[in-house]
Structures are given as structure tokens and as C-alpha cells.
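Given next are the chains, with one letter for each unit.
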Amino acid sequence: RVLRFQINYKNRSGMSAYKLSGSSSSAIVLRVRTQIGTWRLSNVHSSDTFAQLRSRVEKEHQIDLEGRSFTVTPITSKDETCLKFNDKATVGEAGLKNGDLIYINIDETKMGIHESSAGKKQITKDGHIVAQ
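Values in this document were obtained by computation on a predicted structure and should not be read as measured data.

### Observations regarding the packing of aromatic side chains
Thinking step 1. Across all of its chains, the model carries two aromatic pairs by this definition.
Thinking step 2. With centroids separated by 6.1 Å and ring planes inclined at 50°, the aromatic side chains of Phe50 and Phe70 adopt a geometry described as tilted. Placement of the pair is Phe50 in helix α1 (residues 50-61) and Phe70 in the loop between α1 and α2 (91-94), with a sequence separation of 20 residues.
Thinking step 3. For Phe50, a relative accessible area of 0% corresponds to the buried category.
Thinking step 4. Overall, the relative accessible area of 2% leaves Phe70 in the buried class.
Thinking step 5. Taking 4.3 Å as the distance between ring centres and 10° as the angle between the ring planes, the aromatic pair formed by Phe50 and Phe85 counts as stacked. Remark: Phe85 occurs in the loop between α1 and α2 and Phe50 occurs in helix α1; sequence separation between them is 35 residues.
Thinking step 6. On the basis of relative accessibility, which here comes to 15%, the residue Phe85 falls in the buried class.

Structure (C-alpha cells):
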């Protein structure tokens, strides 16, 4: 939902004109932490589902997250039983707020850049991993 404020005024020729004076939006930013870094997911709405968020992360960071779920806490190799968000659940239903942190484990081998790859890796400002 976006709220816009409009001011009516008369311009120099005396004709009515409208000016957009400000706007407010209910969109939030979520932080997505993986084992290789943290990414910001902006323009998230309370009606967005976790399946939609996963799809956005896949597109924005060119990674395959099929079969993976967002979690409340990091998944460690010792504990695979942490609370997972249902794909059909919405951000609003989960009670997430602006700046909240959610977790997802990624398969680095599907990214084309992983520990066994030769050469150096660099994470760019926009969160992409590139080989040097």
C-alpha cells in the first residue's frame, strides 16, 4: 500500500496544479543470511509469501534454492531441526518487521563458485559472488 500526499495550488498563470509532496509505503527490507554472506531484500510487502521471496533471491543472486526453506535461526550441520517458514505463509503472518533477519542455506556447488573452485572469489556490493 502506498500513500501519496497531494497539494493543490495555483501556478503563475492562475491555473490549478497538483504537486506530489511526499509518499509513504508499507514495504520493508529483510536481511537474508546464508553461509556465504548477508543480502538485503528490499520492497517486501506483508502479503508476500516465502515462496515469492525465495524466487526473488534466486533471480537477484542467480542461485538455485529449489527444495530449500527460509528459517528463523541458522541451520548448522549439528541441528537440522530448526523452525522453517512454510512457503505459503506470508511475511505478515510470520510477524516480520523492517530489518529482520531470516536464514537460508544454499548449495554453493550449484552457484558455480565454491570451496573447491580454483582461483579467488569476491562478493560484489550487490551481493553477487564472482570469480577473479
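Alright, that's what it looks like, and here's the rest.
### Some points on the pairing of strand β3 (residues 28-34)
Thinking step 1. With burial as the criterion, only one face of β3 is covered, namely that bearing Ile28, Leu30, Val32 and Thr34; the residues Val29, Arg31 and Arg33 on the opposite face remain uncovered.
Thinking step 2. Relative to strand β4 (residues 37-44), β3 runs antiparallel, the two being bridged by six bridges. Residue Leu30 lies in a different strand from β4, and its bridge partner there is Leu41.
Thinking step 3. Counting the residues that bridge the hairpin from β3 to β4 gives two residues.
Thinking step 4. Note that β3 and strand β5 (residues 101-103) share three bridges and pair parallel.

What counts as what
Residues numbered from 1 in each chain as written. Predicted model: local features only at pLDDT ≥ 70, side-chain atom pairs only at ≥ 80, totals over all residues. Heavy atoms only, no water. Phe/Tyr/Trp six-rings, centres within 6.5 Å; stacked < 30°, edge-to-face > 60°. Helix = DSSP H or I, 4+ residues; strand = E, 2+ residues; numbered from the N terminus. Buried < 20%, exposed > 50% of the residue type's maximum accessible area, 1.4 Å probe, protein only. Pairing = 2+ DSSP bridges.

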